[in-house]
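# Notes for the structure review
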Amino acid sequence: MDKKIILLVEDNPDDVELTVRALKKGNILNEIVVVRDGVEALDYLFGTGAYAGRDLSIMPTVVMLDLKLPKIDGLEVLRYMRADERTKFIPVVILTSSREEQDLLNGYRLGANSYIRKPVDFAQFIEAVHQLKLYWLILNELPPRQRTP
Amino acid sequence: MAYNFEQKTKKFYEKKQARLLYLTPIIALILGSMTDVIFPVLKINFVPPVACLIILIWAWGLVCAITRYGLMTLTPSVAAENILATMTDSLILVGMDGRITKVNRATLNILGYTAKELVNKEVSSIVTAKATDGNALLRQVLEQGRIGSRSATYLAKNGEKVPVLFSASAVKDRAEEPVGVVITGYDMREYKKMMLNLRRSEEKYRTLVDHALVGIAIHQDSRFIFANERFADMLGYTLAEIAGLTIVERVHPDERDLIMTRARRRQAGENEPDTYEVRLLKKDGSVLYALVSNAVVDYNGKPATLITVADTTDTKTRIELEQVNKELEAFSYSVSHDLRAPLRSIAGFSRILLEDYGDSLDNKARDYLRRVCAATQHMGELIDDLLKLSRVTRVEIRYEWVDLSVMAHSIAAALKETAPGRAVEFIIAREVSVAGDRSLLRVVLENLLGNAWKFTSKHPRARIEFGITEQDGRTVYFVRDDGAGFDMAYANKLFTPFQRLHGSNEFDGTGIGLATVQRIIYRHGGSVWAEGEVERGATFYFTLKS
């Protein structure tokens, strides 16, 4: 079975810790790659910068993207991803504490697949992440292009 | 000398003269040949010589041309006739018997008579001047020799009284004996019409100025010489008080120098904006934010400044409000994002502590951690509710028809799902439709029905009603329950944000719901109020703009 990679783009270390913990709950083993800002996220996805020489045939199964990020913000990362053939079809879940209508609209307009507002209640948060994992990593069928890059 | 007042031009006479000159020889020739041919046939023996006849008739033609049509004579009479015929003033010649002998074309045009009808008419039947009739007038003219520039009335054929400015003078023959009177009259109708139009136009502009929304004033020789009421109102003065003021002392001291410099430069012909924002001082010393426009005009032959002033205080307030709103929006966003993030950490790690290390903690420590969790959750709700409240104030209302009955049913169903065991009866009036913003009205009903649901939770059975009634001719909607109710002494505190009438150990809540309801209702142009009694339930009424 292919190893499934989750790319978590999140700058807040607390949120990283909590999200990783939530993702690790349950029995499915995944590799979780954590990047701290938009630039790093793009470097990972396109094999540039710190990730130069990375095997680009291995792409994350799902990207969990925070909106407020240093250097390049989440929506900008999403725009780059949707404009590039290699990353066009990777599911992107926006994970944010913002519920501003404008952010929501822009996220969907740029081709986000889901939009999850991080709840304050940790139990709810674990449940939300669990559902996300279940859906995007197990139930969702990816387009064939994704498997044979 | 007899003038023919009818319009006959020089050309007309020349034609007549020419015709006489060529017709008479032809007639003479024909008659001459006839006598030569016909007389012998008729055996008439007396035959005048043809040449004689021709000369005779031609001579007669020449005499006619000279006497009747002035051939080869000087033409002052023709010129005079032309002048009289073309002049626009009326001219009437009256004989000593008081009858009209001649009139010119203008007279006919003014009065509507033909020349024939007028000649021999009594002049007094046409001309009256104030209380004097035509005959008295004639006598006066004959006595004084002439009278000038008086207003009189001509009676036209159709009965119209034509106002005229007239003068009259006596006509004398060579022996200085009066033979009649000549009356000239200027038709005043056009003039009067012009004056009327002028007055109307002046009234129109005066009304415009008087009722203008902008203040208008004229400033000349360092003081106001004219102002409309709006201008006086704006500055808090009466019209009389304005008259002595100068514009300089009405400009805010901070801006005086700038304004004066500009005025000087403008007068020196330099390119300066003639419209600018300025602070003016009212009589009571308060500030008027104004948009002032200047124009240099000529007033009574001297340069003056025409000033128009628009009150921009409201615009200023609006701009400030918009600014505040924008800041509020940015603030809400940062509250939404930045405040929740640390809260999530506190909640998350407390939970992890409980889960991973719960076993190694004593009961007290576990209880404290649970309190931390509960508090963070409550704070999360508070933040969310505050955001909702601010959003209610900011969003634009989109009016549409909303079926409140259907909405109430769906909210009731959702509430029942949260606690299926409760015995709550919902009574919802049918077909209550209103014009309003769907999502905002949903927030209203969710809060009111949610409150009713919450405050009946301690009772084994409950009844929650949504209905419509009428009070003082207004349509009033209400949500009624038979739950915990409240003390009417605190009714005015119900809608204050964070104000709660029940302890959180009794009923949970943030105290923002009703404040949100009130804002939504206000924004819909309605009002909201409540009635209640402790343990007897509460009723919340609201109206919407009809």
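Here the structure is shown first, and the text comes after it.
Heads up: these notes are all about the structure in this document. (Residues numbered from 1 in each chain as written. Chains lettered and ligands numbered in written order. Predicted model: local features only at pLDDT ≥ 70, side-chain atom pairs only at ≥ 80, totals over all residues.)

## A look at the sheet that holds strand β2 (residues 31-35) of chain A
Within a sheet, adjacent strands bond to each other through the backbone by hydrogen bonds, running parallel or antiparallel. Residue and element names in this part refer to chain A. Overall, parallel pairing links the 5 strands, which are arranged β2-β1-β3-β4-β5 in an open sheet. The open sheet has two free edges, formed respectively by β2 and β5 (114-117), since each of these has just one partner strand. Mean inter-strand twist for the sheet, computed between neighbouring axes without regard to direction, equals 20 degrees. Alignment of strand β1 (residues 5-9) against β2, held across 5 bridges, turns out to be parallel. What sits directly across from V9, in β2, is V35. (Pairing = 2+ DSSP bridges. Helix = DSSP H or I, 4+ residues; strand = E, 2+ residues; numbered from the N terminus. Axes fitted to C-alpha atoms, helices over the stretch in contact; angles between N-to-C directions.)

## Concerning helix α7 (residues 189-210) of chain B
Side chains of residues three or four places apart in an α-helix project in the same direction, reflecting 3.6 residues per turn. Taking 1.5 Å per residue, 22 residues should reach 32 Å; α7(B) reaches 31 Å between its end C-alpha atoms and fits that length. Where burial is concerned, little of α7(B) is hidden: 0 out of the 22 residues are buried. (Expected span 1.5 Å × (residues − 1). Buried ≥ 20, exposed ≤ 12 C-beta atoms within 10 Å, placed from the backbone.)

## Concerning the nonpolar core
Considering soluble globular proteins, one finds that nonpolar side chains tend to be buried as a cluster. In terms of nonpolar packing, the biggest core is built from 41 residues, with L404(B), A408(B), V444(B), L445(B), L448(B) and L449(B) touching the most fellow members. For this core, the secondary-structure elements that each account for two or more residues are α12 (363-394), α13 (404-418), α14 (438-455), β16 (461-471), β17 (474-481), α15 (513-523), β18 (528-533) and β19 (537-542) of chain B. Looking at which element gives the most residues to this core, the answer is α14(B), with 9 residues. Among the nonpolar cores identified, the runner-up in size contains 34 residues, and I6(A), L69(A), V120(A) and V129(A) belong to it. (Core = buried A, V, L, I, M, F, W, Y, C linked by C-beta atoms within 7 Å.)

## Brief notes about unusual backbone geometry
Residue and element names in this part refer to chain B. At N120, a residue that is not glycine, the phi angle is positive and equals roughly 80 degrees. With respect to the helices, strands and loops of the structure, N120 is situated in the loop between α5 (115-118) and β3 (127-129). Assessed through the 11 C-beta atoms surrounding it within 10 Å, N120 is described here as exposed. The phi dihedral of D221 falls on the positive side, at around 50 degrees, and the residue is not glycine. Residue placement: D221 occurs in the loop between β8 (215-220) and β9 (223-227). Classification of D221 by C-beta neighbours within 10 Å gives exposed; the count is 9.

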